[in-house]
Every structure is written in structure tokens, then in C-alpha cells.
Amino acid sequence: MNLLILRFLKRAILKETLNLNDFQVETVYNLERYFKNHWLNQFLDLKYQELGDLASKIGAHEGNLQAVHRHLQNLRRLPFLVQEATEDSVT
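Nothing here was measured: the structure is a model prediction, and the numbers come from that model. (Residues numbered from 1 in each chain as written. Predicted model: local features only at pLDDT ≥ 70, side-chain atom pairs only at ≥ 80, totals over all residues. Heavy atoms only, no water.)

Draft legend 1. Spotlight on unusual backbone geometry. The phi dihedral of Lys36 falls on the positive side, at around 65°, and the residue is not glycine. Along the polypeptide, Lys36 turns up in the loop between α2 (22-35) and α3 (39-44). With a relative accessible area of 57%, Lys36 lands in the exposed category. Phi at His38 is positive, roughly 60°, even though this residue is not glycine. (Helix = DSSP H or I, 4+ residues; strand = E, 2+ residues; numbered from the N terminus. Buried < 20%, exposed > 50% of the residue type's maximum accessible area, 1.4 Å probe, protein only.)

Structure follows, in C-alpha cells:
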């Protein structure tokens, strides 16, 4: 699948599922570039007070970063999402 189409689909999923605006979606892409693999866990493990420093490092607006942090924290409340799978979840 074309990389541009994948990026569009990812953007749409982020916006609709997590109720993020365009600026917050861009912040998610900045986080992914900054942290690389396991970016979500690394980002969510940060304390709220640490977000200001991170915002300046990745070139994001601190308010957008805080909003993204709040929205993504909701994912941790879902019982079917785990950090490490203990078995093959596909079969």
C-alpha cells in the first residue's frame, strides 16, 4: 500500500478514534520520530511536569502535547491492551 495512503489512514484513525485535532496528530508524529520504537509507552511513562521539556525538544506546543498525553492515557485503561503479549494474540 502506498505510504501516503497509510499516513492518511493513520491520521484519520487518530483524529476519529482519539478525538485529536490536526495539530495534536502532528504532535503524535513528532513523538513517533523522537522516541522511535515503543514511543507510546515511553511517552505515557513521562510525568505531566516533564512534558514542557519534551515539547521544546520535539518542536511541539506544550498545550498540544499535554492534550495528546491526556487522550492517550485513556488507552491504558482498556483491559485488552497490554504492553507485552504473553502469547500469540492472533491465533
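After that view of the structure, there is still more to cover.
Draft legend 2. Summary view of the side chain of Gln66. The residue Gln66 is located in helix α5 (residues 62-73) in this model. Residue classification places Gln66 among the buried positions, given a relative accessible area of 18%. For Gln66, the contacting residues outside a window of four places in its chain are Tyr48 and Leu51. (Contact = heavy atoms within 4.5 Å.)

Draft legend 3. Inspection of the nonpolar core at higher detail. Core analysis: the largest hydrophobic core is formed by 19 residues, its most contacted members being Leu31, Phe43, Leu54, Leu65 and Leu72. Mapped onto this core, the elements with two or more residues apiece are α1 (3-18), α2, α3, α4 (51-58) and α5. Broken down by element, this core gets its largest block of residues, five residues, from α2. (Core = buried A, V, L, I, M, F, W, Y, C linked by side-chain atoms within 4.5 Å.)

Draft legend 4. The arrangement of the packing of α2 against α4 in detail. Where α2 contacts α4, the two axes come as close as 10 Å, and the packing angle between them is 85°. The angle between the axes of α2 and α4 places the two elements in the roughly perpendicular class. In this structure, α2 contributes Asn30, Leu31, Tyr34 and Phe35 to the contact, and α4 contributes Leu54, Lys57 and Ile58. Looking at the contact of α2 with α4 residue by residue, the class counts come to five nonpolar, one polar and one charged. (Axes fitted to C-alpha atoms, helices over the stretch in contact; angles between N-to-C directions. Parallel < 35°, antiparallel > 145°, perpendicular 65-115°, else oblique. Nonpolar A, V, L, I, M, F, W, Y, C, P; charged D, E, K, R; others polar.)

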